[in-house]
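Residue strings, one per chain:
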Amino acid sequence: MWFSALLALALQASPDAGLDPSVAKALITEAVDSRGAYGLLTRLVDATGPRLSGSPGAERAVTWGVEQLQASGLEVRKEPVRVPVWVRGTERGEVLAAPGRPGSPLALTALGGSPGTPPGGIEAELVEVSSLAELRDRGASVKGRVVFFNHAMAVPADYRRFGELRTKGPAEAAKLGAVAALVRSLATASFRSPHTGSTQFGEGARRIPAAAIALEDAELLHRLLAKGPVRVRLELGCQNLPDATSFDVVADLRGRERPEEVVLVGAHLDSWDLATGAQDDGAGVALVVEAARLLAKLPARPRRTVRFVLFMNEENGLRGAKTYAADQGGDIGRHVAAMEFDSGAGRPLGVAVKAGPGGAAIVERWLPPLVSLGAGVLLPDEAGGADLTPLAPARVPVVQVVQDMSRYFDIHHSAADTLDKVDAEAFSRTSGAATWLIYALAESPEVLARPPAPPPAAASGTGR
Ligand SMILES: [Zn+2]
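Per chain, residues are indexed from 1 in the order of the written sequence. Since the coordinates come from a predicted model, pLDDT governs what is reported: local features require at least 70, and pairs of side-chain atoms require 80 or more to be given and counted, while whole-chain, interface and lining totals use all residues. The basis for every side-chain value is the complete set of non-hydrogen atoms in the structure, without hydrogens or water.

Chemist: What am I meant to see in the coordination of the zinc ion here?
Modeler: Ideal coordination angles are 109.5 degrees for a metal with four donors arranged tetrahedrally and 90 or 180 degrees for a metal with six donors arranged octahedrally. Each metal site is built from N, O and S donor atoms within 2.8 Å (3.2 Å for Na, K and Ca), and since water is not included, such sites may look incomplete. Protein-derived ligands of the zinc ion are His-268 (NE2), Asp-280 (OD), Asp-342 (OD) and Asp-342 (OD), with the metal-ligand distances lying across 1.9 to 2.7 Å. One can describe the donor arrangement at the zinc ion as irregular, given that its 4 donor atoms subtend angles of 52 to 150 degrees at the metal. Motif for the zinc ion, donor spacing along one chain: H-x11-D-x61-D. A residue pair is termed long-range when its members are at least 10 positions apart, and His-268 in strand β11 (residues 258–268) and Asp-342 in the loop between β13 (335–340) and β14 (348–354) qualify at 74 residues. Throughout this description, buried means an accessible area under 20% of the type-specific maximum (1.4 Å probe, protein chains only), exposed means over 50%, and partly exposed covers the range between. Classification of His-268 as buried rests on a relative accessible area of 0%. Among the residues examined, Asp-342 registers a relative accessible area of 2% and is labelled buried. Metal sites are grouped by the angles between bound donors: all angles between 85 and 135 degrees with four donors is tetrahedral, opposite donors over 155 degrees apart with the others between 65 and 115 is square planar for four donors and octahedral for six, and any other pattern is irregular. Going along the chain from the N terminus, every DSSP run of H or I of four or more residues is numbered as a helix, and every run of E of two or more is numbered as a strand.

As structure tokens, then:
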């Protein structure tokens, strides 16, 4: 009785019980002071360029990832992944002149997965809808038309709400006989820059050319349609080529005591082709590689194995994550926790947890070192990441550094996703928080209980 009371008191006095606070201090201080993750991000984007799956840039990123992780002394391997290959080509569009008003060019960019237009392009009348339900109500009346998906995205959380207009809208319009689709960019700001992203047509389904238009152009089309019929012309040179072989990069920091227990830490190497993907997901790759470097040089390795995975093809297929999960076979149950970094380079706000009973209470004891970073709080956000969805059936607990994403969708998937938008100081704080949490997951005497099984539909998704 006396002993257990004393123990309870000791645990209270030392909220991060079981972990050495001096390690927290060392990891966080170095991540913040050295700005190592920002340095890695700079070198990644400048050395590889845009990194769409199947492109030379993606292959340069694979080589870069292997070299960086090997330089930290990890056991690194390349795991083959068959990836889709989509190339953009030239693209242009215009609103045709009508009595009383001039024509004007449209700022547009093809959606990943779109077929090209026939030579000479497509010209047709526009029809505006703001939801898939409204499209279904229009029925066969959209036949021979270009469907314009408009919406009211205003804040980051709207990305989920309106995302299906991009991912599913063109396929649904194709089923009704539309000849093309234009989707208002999923964005929270615009300097007339369209934001791409993947659109999905089912296997063997009819495919129509589909492009994103800048917010300014969506506003223009909406105004013109209020006055009368609008005809548009578009010409897209994009093509879907045969699949190619690429790679996930996987590196293990073998655990000193329980090497069979794996903490997976991931980000995705691929990016869209319009920019160097500094935030999506160069930032995540840099956070992972820097965490590997800092953890590998600790005097004692963490108790469990930390597995760093740089996934290929998150953006337009999720093939890297699906291949990784499939390759694990019966070993998938050895994953005791996972973290994914695919939320940009914003400052850390707190920590989210998806685990079974008692999991959040364990993570809460790791938070005191994060207070100085502004992130020492548990947040109710859903912990996850597209590349972790194939692990969901194995009920792997997920911990996430919740980051400031308030400006993320200003530039997401657009030509503006470049290094200059990254605040090195804020990003370095996220690097410190990330590295400490990875260490805590790998070193804590306790593992997190597994969360309940997800509903079957939750184990899919692509193109965060
Ligand atoms: Zn991403």
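Chemist: Can you walk me through the nonpolar core in this structure?
Modeler: Side chains of a nonpolar character, in soluble globular proteins, are inclined to be buried together. One finds Phe-308, Phe-341, Trp-366, Leu-370, Phe-427 and Trp-436 to be the most contacted residues of the largest nonpolar core, which totals 72 residues. The element contributing the most residues to this core is helix α9 (residues 278–296), with 11 residues. Whether two residues are in contact is decided by their heavy atoms: any pair within 4.5 Å suffices. Excluding anything up to four places from it in sequence, Trp-436 contacts Leu-19, Asp-20, Val-23, Ala-24, Leu-27, Ile-28, Trp-366, Pro-369 and Leu-370. Within this scheme, the nonpolar core is defined by two criteria: the residues are buried Ala, Val, Leu, Ile, Met, Phe, Trp, Tyr or Cys, and they are joined through side-chain atoms within 4.5 Å. Listed in part, the 26 residues of the second largest apolar core include Phe-149, Ala-178, Val-183 and Leu-186.

Chemist: What is the right way to look at the pairing of strand β15 (residues 398–403) in this model?
Modeler: Consecutive residues of a regular strand have side chains that alternate between opposite faces of the sheet. Buried residues dominate β15, accounting for 6 of its 6 residues. Burial along β15 is two-sided: Val-398, Gln-400 and Val-402 and Val-399, Val-401 and Gln-403, pointing in opposite directions, are all buried. The criterion for strand pairing is that DSSP finds at least two bridges linking the strands in question. Note that β14 and β15 share 6 bridges and pair antiparallel. Paired with Val-353 across the bridge in β15 is Val-399.

Chemist: Which parts of the structure should I look at to understand the packing of helix α2 (residues 21–34) against α9?
Modeler: Two packed helices can be described by the angle between their axes and the distance between those axes. Contact geometry of α2 with α9 gives a least axis separation of 11 Å together with a crossing angle of 130 degrees. When the axes of α2 and α9 are compared, the pair comes out oblique. The two elements α2 and α9 meet at a crossing, and its hand is right-handed. Judged by residue contacts, Leu-27, Glu-30, Ala-31 and Ser-34 of α2 engage Glu-290, Arg-293, Leu-294 and Leu-295 from α9. Any residue that is not Ala, Val, Leu, Ile, Met, Phe, Trp, Tyr, Cys, Pro, Asp, Glu, Lys or Arg is counted as polar, Gly included; the first ten are nonpolar and the last four charged. Its residues assigned to classes, the contact of α2 with α9 shows 4 nonpolar, 1 polar and 3 charged. A fitted line through C-alpha atoms serves as each axis, taken over the contacting stretch for helices, and the angle formed by two N-to-C directions is quoted from 0 to 180°. An angle below 35 degrees is read as roughly parallel, one above 145 as roughly antiparallel, one from 65 to 115 as roughly perpendicular, and any other as oblique. By definition, any crossing whose near helix is turned counterclockwise from its far helix by less than a right angle is left-handed, and any crossing with a clockwise turn is right-handed.

Chemist: What should I look at first to understand the packing of helix α3 (residues 36–48) against helix α13 (residues 424–443) in this one?
Modeler: Interhelical geometry of α3 versus α13 gives an angle of 115 degrees and a closest axis separation of 8 Å. Accordingly, the angle class assigned to the pair α3 and α13 is roughly perpendicular. Residues Ala-37, Tyr-38 and Leu-41 of α3 form the contact with α13, whose own contacting residues are Ala-424, Phe-427 and Ser-431. Of the residues contributing to the contact of α3 with α13, the split by class is 5 nonpolar, 1 polar and no charged.

Chemist: Is there a simple way to think about the pattern of salt bridges in this case?
Modeler: Pairs can form between side chains of opposite charge once their charged atoms are near each other. Here, a salt bridge means any side-chain nitrogen of Lys or Arg that lies within 4 Å of a carboxyl oxygen of Asp or Glu. Evaluated as defined, the whole model comprises 30 salt bridges. Here Lys-297 ties to Glu-30 by a salt bridge, and the two come within 3.0 Å at their closest N and O atoms. Here Lys-297 is found in the loop between α9 and β12 (304–311), whereas its partner Glu-30 is found in helix α2, with 267 residues between them in sequence. The class for Lys-297 is partly exposed, based on a relative accessible area of 48%. One network of salt bridges, in which partners are shared, links Glu-30, Glu-290, Arg-293 and Lys-297.

Chemist: In this structure, what is going on with the sheet that holds strand β5 (residues 122–129)? I would like to understand it.
Modeler: The strand order across the open sheet formed by 8 strands is β3-β2-β9-β5-β6-β7-β8-β4, and the pairing between neighbours is mixed. Where the open sheet ends on each side, the last strands, each with one partner, are β3 (104–106) and β4 (108–110). The average undirected angle you get between the axes of adjacent strands in this sheet is 30 degrees. Across 5 bridges, strand β2 (residues 91–95) lies against strand β9 (residues 231–236) in antiparallel orientation. Bridge pairing links Arg-92 to Glu-235 in β9.

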